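# Report on the structure
Chain residues, written in single-letter form:
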Amino acid sequence: MSDDLGAVGERAALARIIPRLRRAQALLGPGDDAALLAAPDGRVLLSTDAMIEGPDFRRAWSTPYELGWKAMATNLADIAAMGGRPTGLLVALAAPERTSVAELEAIADGMAAACDALAPGVGVVGGDLTRAPILSLSVTVTGSLDGRSPVLRSGARPGDLVAYSGRLGLAAAALRLLFAVGEEDASGIAALRRGRPELLREQLAPSPPIRDGVRAAEAGATAMLDVSDGLLLDASRIAGASRVALDLDGAALERLAAEVVAALPADEEDAPRPGRHEALALVLGGGEDHGLLATFPDEPPAGFLRLGVVREGLPAVLIDGAPVDPTGWDSFAPS
Ligand SMILES: Nc1ncnc2c1ncn2[C@@H]1O[C@H](COP(=O)(O)OP(=O)(O)O)[C@@H](O)[C@H]1O
Ligand SMILES: Cc1ncc(C[n+]2csc(CCOP(=O)(O)OP(=O)(O)O)c2C)c(N)n1
Ligand SMILES: [Mg+2]
């Protein structure tokens, strides 16, 4: 018998998916009209982020497990970026009726594994399953500040240090390889997966440093965000909100670019190894690393790499004192 959603039906599919999700620390999890979460802090952090087949992922490149993982990781990072601790997630899944329920089970397994790895004790507390012409995963995440103040984009002050926790440029470097192979060449994709599993994971199932959000807040971070659209563009958001200039250290950025070069294959015919210049562009504007960019009045906590200093002046991003164009991802930019 067919395992397609169209044959199995919504209710039976949910009965197979829900048990695979971790029992979160929720007062009431999936199964009723709404979930119930405790909010001892009296306030709730809330964020939402969707992943759409086509602009955000390709079925030929991502396994269902990886899609579930990434949907969790990117949403958890937004709570971390406020200095918060994630407390629960809601997942609205839309899929074509020819999707097999086994694929949805694998998505759920990826979600559970990502929560276990990145935010232990947190899980999916509810969601929605509906039909659509393409696959999409819309996730909403809640978080707690546990009495602390939120770390906004607007708090950076001249004299603060700029620091970053996470990877930079690798998610974009992996995407560049995938685009070079394309969606039709299944054996090429398989070879890439075999050859560069760690690099591909940075794009397909990333592990942003979720716990470092609370650590940064406790260390007195004055501003913070997760780098989703590219370092320069996201740095310019802190600069704009804080009305300061972020002056990045060119030598530190060059070292990160060297790591990107080292992570890429040297002998790929379709995608020749990028030079330092192209690797630097991936570090500066690649996006999707979801590491935490923060400013600190004192030494950043362990795990954060010093990337520059905050200076007085018009909102801008500088490298070694020279203004740069804040390039990065825009979902509506012409491709
Ligand atoms: N459709 C929308 N309606 C209301 N607010 C939105 C919408 N889309 C984005 N926002 C808000 O605009 C801000 C920037 O969004 P986004 O770039 O997606 O943030 P992030 O990069 O942190 O995920 C966020 O505060 C977000 O909540
Ligand atoms: C097939 C495919 N094309 C393009 C990209 C690149 N891409 C998709 S979303 C994105 C940036 C972040 O996405 P967005 O939904 O804007 O995240 P947010 O800023 O809201 O956190 C990038 C670089 C991709 N990952 N996969
Ligand atoms: Mg964010």
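The model shown is predicted, which means the values in this text are computed figures rather than measured ones.

### Here's the deal with the coordination of the magnesium ion (ligand 3)
- Surrounding the magnesium ion (ligand 3) are the protein donor atoms Asp78 (OD) and Asp226 (OD), which sit 2.0 Å from the metal. Here the residue Asp78 occupies a position in helix H3 (residues 64-80), and Asp226 occupies one in strand E6 (residues 223-226), the gap between them amounting to 148 residues. The same class applies to Asp78 as to Asp226, namely buried.

### Regarding the pairing of strand E4 (residues 136-144)
- Within E4, 7 of the 9 residues are buried, which leaves the element mostly enclosed by the surrounding structure.
- Looking at chain direction, strand E1 (residues 45-52) and E4 are connected through 8 bridges and run antiparallel. Among the inter-strand pairings, Thr48 is bridged to a residue of E4, identified as Thr140.
- With 9 bridges connecting them, strand E2 (residues 85-95) and E4 associate as antiparallel partners. By the bridge assignment for E4, Leu93 is matched with Leu137.

### Describing the sheet that holds strand E11 (residues 322-323)
- Taken in spatial order, the 7 strands line up as E6-E8-E5-E9-E7-E10-E11 in an open sheet, and their pairing is mixed. Pairing within the sheet leaves two strands with one partner each, and these edge strands are E6 and E11.
- One ladder, built from 2 bridges, connects strand E10 (residues 316-319) with E11; its direction is antiparallel. Opposite Ile319, over in E11, you have Ala322 as the bridge partner.
- The strands touched by helix H10 (residues 250-263) are strand E7 (245-248), strand E9 (305-311) and E10; relative to E9, the strand with the most contacts, the crossing angle is about 145°.

### What to know about the packing of helix H2 (residues 10-17) against helix H4 (residues 101-118)
- Running from N to C, H2 and H4 cross one another at 35°; their axes reach a closest spacing of 9 Å. As for how H2 packs across H4, the hand of that crossing is right-handed. Residue-level contacts link Ala13, Arg16 and Ile17 of H2 to Val101, Ala102, Leu104, Glu105 and Ala108 of H4.
- Classifying every residue of the contact of H2 with H4 gives 6 nonpolar, no polar and 2 charged.

### Digging into the pairing of strand E5 (residues 161-165)
- Taken across its 5 residues, E5 has 5 buried, putting it largely inside the fold.
- Burial of E5 is two-sided: the residues Leu161, Ala163 and Ser165 facing one way and the residues Val162 and Tyr164 facing the other way are all buried.
- Both E5 and strand E8 (residues 292-296) contribute to a ladder of 5 bridges, which runs antiparallel. Looking at E8, one finds that Ala163 is bridged to Ala294.
- As paired elements, E5 and E9 share 4 bridges and run antiparallel to each other. Bridge pairing in E9 links Ala163 to Arg306.

### Regarding the sheet that holds E1
- One open sheet holds the 4 strands; their spatial order is E1-E4-E2-E3, and the pairing between them is mixed. Pairing within the sheet leaves two strands with one partner each, and these edge strands are E1 and strand E3 (124-131). In this sheet, adjacent strand axes meet at a mean angle of 15° when their direction is disregarded.
- Against the sheet, H3 contacts E1, E2, E3 and E4, and its axis sits at roughly 35° relative to E4.

### Examining the site of ligand 2
- Around ligand 2, 16 residues are found, and the nearest of them are Gln203, Ser228, Asp229, Glu288 and Trp329.
- Within the contact set of ligand 2, an oxygen atom lies 3.1 Å away from a side-chain nitrogen or oxygen of Asp49.
- Take Pro55: an N or O atom from its main chain is 3.2 Å from a nitrogen atom of ligand 2.
- Protein chains shield 84% of the accessible area of ligand 2, which is 590 Å² for the free molecule.
- Classifying every residue of the shell around ligand 2 gives 6 nonpolar, 5 polar and 5 charged.
- Domain assignment of the residues forming the shell around ligand 2 places at least three in each of domain 1 (5-144) and domain 2 (161-323).

### Examining the environment of Pro265
- Within the secondary structure, Pro265 sits in the loop between H10 and helix H11 (276-285).
- On the basis of relative accessible area, Pro265 is assigned to the buried category, the value being 5%.
- As a C-alpha pair, Pro265 and Leu192 span 73 residues in sequence and 9.5 Å in three-dimensional space.
- In contact with Pro265, other than residues within four places in its own chain, are Leu177, Arg196 and Arg273.

Thresholds, definitions, all that
- Residues numbered from 1 in each chain as written.
- Chains lettered and ligands numbered in written order.
- Predicted model: local features only at pLDDT ≥ 70, side-chain atom pairs only at ≥ 80, totals over all residues.
- Heavy atoms only, no water.
- Donors = N, O, S within 2.8 Å, 3.2 Å for Na, K, Ca; no water.
- Helix = DSSP H or I, 4+ residues; strand = E, 2+ residues; numbered from the N terminus.
- Buried < 20%, exposed > 50% of the residue type's maximum accessible area, 1.4 Å probe, protein only.
- Pairing = 2+ DSSP bridges.
- Contact = heavy atoms within 4.5 Å.
- Axes fitted to C-alpha atoms, helices over the stretch in contact; angles between N-to-C directions.
- Left-handed = near helix turned anticlockwise from the far one by under 90°.
- Nonpolar A, V, L, I, M, F, W, Y, C, P; charged D, E, K, R; others polar.
- Near = heavy atom within 4 Å.
- Polar contact = N/O pair within 3.5 Å; in protein donor to acceptor, adjacent residues only side chain to side chain.
- Areas by Shrake-Rupley, 256 points an atom, 1.4 Å probe, with all protein chains shown as cover.
- Domains from an automatic or database assignment.

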